[in-house]
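An overview of the molecular structure
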Amino acid sequence: DYRVSLQGNFFGHNHTYMTFPEYNPRKHIKLDPPLNIQSNATASKCQIWWSVWNVPWHLAEILQYELQYKEYSMSWEVALNKALPSSLPQVEIEATELRSGIAYTARARCKVSENENSYHSQWSEWSQATVFQRADVPKVSEKILNTKTMQYLFIPLSFGTLFYLFWNCKLSSRYCCFLTLGQKSSRALTFPHQLLSFSHSIVCTMGILR
């Protein structure tokens, strides 16, 4: 413990005033505010982190933090406070807590944990603020949507055409008995070539659509 006194000269006489007869620095700690606060917002959450300066290592492990955030256009008097459950200098805000398309600002402060009996401190000043905005869920572009639509339409049309070719071949086979052997061979060779060519076209078209 320390003894804190105040000395002064009044009307030519020195006087000593005892301000704190027993002063323990461990019980009167006020830390510097956090530094370098940064943020990274996505469509699902916002991560905020910072660092502390001029804090002994044995105190850095027992610090507690508080985050304050609000809409950028609002006053700090209506800001929301978020107590951090651990001594890590970082926090996550779920996207459900943020409005889409609205800019937010956040700041942090620190002190020695209230669970520590050997030390006692008051909150530090607030840090500088960081600005962030929740990222919107990316929309499917019109081009991708049109491509998918074409794929869904093309597949049933392709199978329908194949069915028509098979059916047409079946009907044509009934009249093959009236044709010469050479004519039958020609017709028999024509359909496989048509089917192979059509199948190749399907494969090429599907590759382009992808």
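Residues numbered from 1 in each chain as written. Predicted model: local features only at pLDDT ≥ 70, side-chain atom pairs only at ≥ 80, totals over all residues. Heavy atoms only, no water.

1. What to know about the pattern of salt bridges
Side-chain pairs of opposite charge can arise whenever the charged atoms involved come near each other. Which entries qualify depends on this criterion: The term salt bridge refers to a side-chain nitrogen of Lys or Arg lying within 4 Å of a carboxyl oxygen of Asp or Glu. Counting from the N terminus, the helices are DSSP H or I runs at least four residues long and the strands are E runs at least two residues long.
All chains considered together, the criterion is met by six salt bridges. Here Arg99 ties to Glu71 by a salt bridge, and the two come within 2.8 Å at their closest N and O atoms. Taken together, the residues span a long stretch of sequence, with Arg99 in the loop between strand S8 (90-94) and strand S9 (103-112) and Glu71 in strand S6 (residues 63-71) at a distance of 28 residues. Salt-bridge contacts for Glu97 lead to Lys82; the nearest nitrogen and oxygen are separated by 3.7 Å. Here the residue Glu97 occupies a position in the loop between S8 and S9, and Lys82 occupies one in strand S7 (residues 80-83), the gap between them amounting to 15 residues.

2. Some words on the sheet that holds strand S5 (residues 45-51)
Counted only if it meets this: For two strands to be treated as a pair, DSSP must find no fewer than two bridges joining them. Between N-to-C directions, angles cover 0 to 180 degrees, with each direction set by a line fitted to C-alpha atoms, over the stretch in contact for helices.
Within the open sheet, the three strands sit side by side as S4-S5-S8. Their pairing is antiparallel. Two strands bound the open sheet, and with one partner strand each, they are strand S4 (35-41) and S8. Put simply, the sheet's adjacent strands are angled 15 degrees from each other on average, direction ignored. Of the strand pairs in this sheet, S5 and S8 are connected by five bridges, and their pairing is antiparallel. Within S8, the position partnered with Ile48 by the bridge is Val91.

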